[in-house]
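Commentary on secondary and tertiary structure
Spelled out, the chains give:
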Amino acid sequence: MSHTTLVLPFSLPPKEIAPDLARHLKAPALAGLLSRTASEQATPGPGTVRQLPHELWLSRVLGSGGEAPSFAHAAMHGYGLDPADGLWFIVHPAHIEIARSHLLLNDVRKLALSEEHSRALFETARPYFEESGLTLAYGDAATWFLRADDWRGLDTASPDAAAGLDISFFMPAGEAAKRFRKLQNEIQMLWHDHPANAAREAAGQTPVNAFWPWGGGGDAVGVVPVHACAAQPWLDALSAGTGGGKVDSAGDCPADAIVYCDHLSAAAIAGDWSAWIIAMEELERDWFAPTLAALRSGGLSRITLVLSGRDQLLETITTRFAQRKFWRRATLDRLLK
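Computed from a prediction, not measured in an experiment: that's the story for all the values here.

For the rest of this paragraph, the subject is the overall build of the protein. If you tally the helices and strands in the protein, you get 11 helices and 12 strands. A globule of 337 residues ought to have a C-alpha radius of gyration of about 20 Å, and the protein, at 21 Å, matches this closely. Overall, the C-alpha framework of the protein stretches about 65 × 45 × 35 Å when taken along its three principal axes. The 337 residues of the protein split such that 53% are buried.

Before going further, it helps to examine the layout of surface pockets. By volume, the largest pocket amounts to about 340 Å³. Lining the largest pocket we find 17 residues, and of these Ile96, Ile98, Leu103, Gln188 and Asn209 sit closest to its centre. When residues of the lining of the largest pocket are traced back to their parent elements, those giving at least two are β4 (96-98), α7 (177-192) and α8 (195-202). Top element by residues in the lining of the largest pocket is α7. It accounts for seven residues. Its residues assigned to classes, the lining of the largest pocket shows nine nonpolar, six polar and two charged.

Tracing the backbone shows Trp273 in helix α11 (residues 273-297). Taking the C-alpha atoms as reference, Trp273 lies 10.0 Å from Ala18; in sequence the two are 255 residues apart.

Let us look at unusual backbone geometry. Glycine aside, the phi torsion of most residues is negative, and most peptide linkages are trans. Phi at Ala84 takes a positive value of approximately 50 degrees, unusual for a residue other than glycine. Position of Ala84 relative to the elements: it lies in the loop between α4 (72-78) and β3 (88-94).

Inspection of the entire model under this criterion finds 11 salt bridges. For Arg109, the salt bridge goes to Asp160, with nearest N and O atoms at 2.8 Å. Taken together, the residues span a long stretch of sequence, with Arg109 in the loop between β5 (103-105) and α5 (115-131) and Asp160 in helix α6 (residues 159-162) at a distance of 51 residues. The salt bridge involving Asp262 is made with Arg109; its shortest N-O contact spans 3.2 Å.

Right, let's get into the side chain of Asp107. For Asp107, the position within the fold is in the loop between β5 and α5. On the accessibility criterion, Asp107 (10% relative accessible area) is buried. Separated by 3.0 Å, the side chains of Asp107 and Arg109 make a polar contact. What Asp107 contacts, discounting residues up to four positions off in sequence, is Asp160, Ala163, Ala266 and Ile269.

Rules and cut-offs
Residues numbered from 1 in each chain as written. Predicted model: local features only at pLDDT ≥ 70, side-chain atom pairs only at ≥ 80, totals over all residues. Heavy atoms only, no water. Helix = DSSP H or I, 4+ residues; strand = E, 2+ residues; numbered from the N terminus. Rg over C-alpha atoms; globule rule 2.2 N^0.38 Å. Buried < 20%, exposed > 50% of the residue type's maximum accessible area, 1.4 Å probe, protein only. 1 Å grid on protein atoms, 1.4 Å probe; cavity = no way out; pocket = protein on both sides within 12 Å on 5 of 7 lines; lining within 4 Å. Points joined across faces, edges and corners; volume = space filled by probe spheres on them. Nonpolar A, V, L, I, M, F, W, Y, C, P; charged D, E, K, R; others polar. Salt bridge = Lys/Arg side-chain N within 4 Å of Asp/Glu carboxyl O. Polar contact = N/O pair within 3.5 Å; in protein donor to acceptor, adjacent residues only side chain to side chain. Contact = heavy atoms within 4.5 Å.

In structure tokens form, the structure reads like this:
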């Protein structure tokens, strides 16, 4: 019989607000999955603010042995791009906001960059990358790729780890960091009065004033297929590159699937916990309730949940037999740990 693994980024909320969220959350199927388990394992965060626990979990599934997520090659395959043997990074056009005392990276999901404007900014920037001995490749409006063989060892941070926080803790570090900063400054000046940014600002949108590289190193292209639901474009491409694909609900899910459900990330990064509850209840309707029903009816043999927050990861496994542990009250207490 088949099994399903659901990866749930930002499903473990901050401890100080978790009790209130659990009180308001209506998710009886999730409570059953979390409370009646065959096994569970809690793992502390990676010990660095630059990567998030679920990112490292996914990177290991894809066969990367490094200490940082290595997603570029798999995502490139999903876009039909050939990374050959180069060191490639994922690059997101981004907006860096000037706060009162520091700089903030805005969530790249919120940029809403059109294909027309993204292409225009890309083509304007490409010669400057090439003059620096780098190669820039286009995936989609939100996702570019950078080949930088001389930047091996560059310590980058994921955009989800950095979003909404002081970016001085997240800027690329290492021997190549000085070259990155020089290029970043050149591109910022180049884009400052670009017609695409002028059009965006006239429409009330934030300008694109930076590029954010991450996810480089290694050549992992997917040991197992990974499917994506409610995900960013680069994740949809990564899922295609691993032989998986986009799915919308448990009804679309193939046997023995790993599904990366990205419903909660935007709300958690923004600190919008009302939206987080709504997204969690969508997961209850589309994933938790149907998979639990399939487990009880014998359609599934096992369900694994991979829950994470900024500094912790929890893996739980439940089976049909474990669901018979009637003496265990179904609660959401595991979200509070």
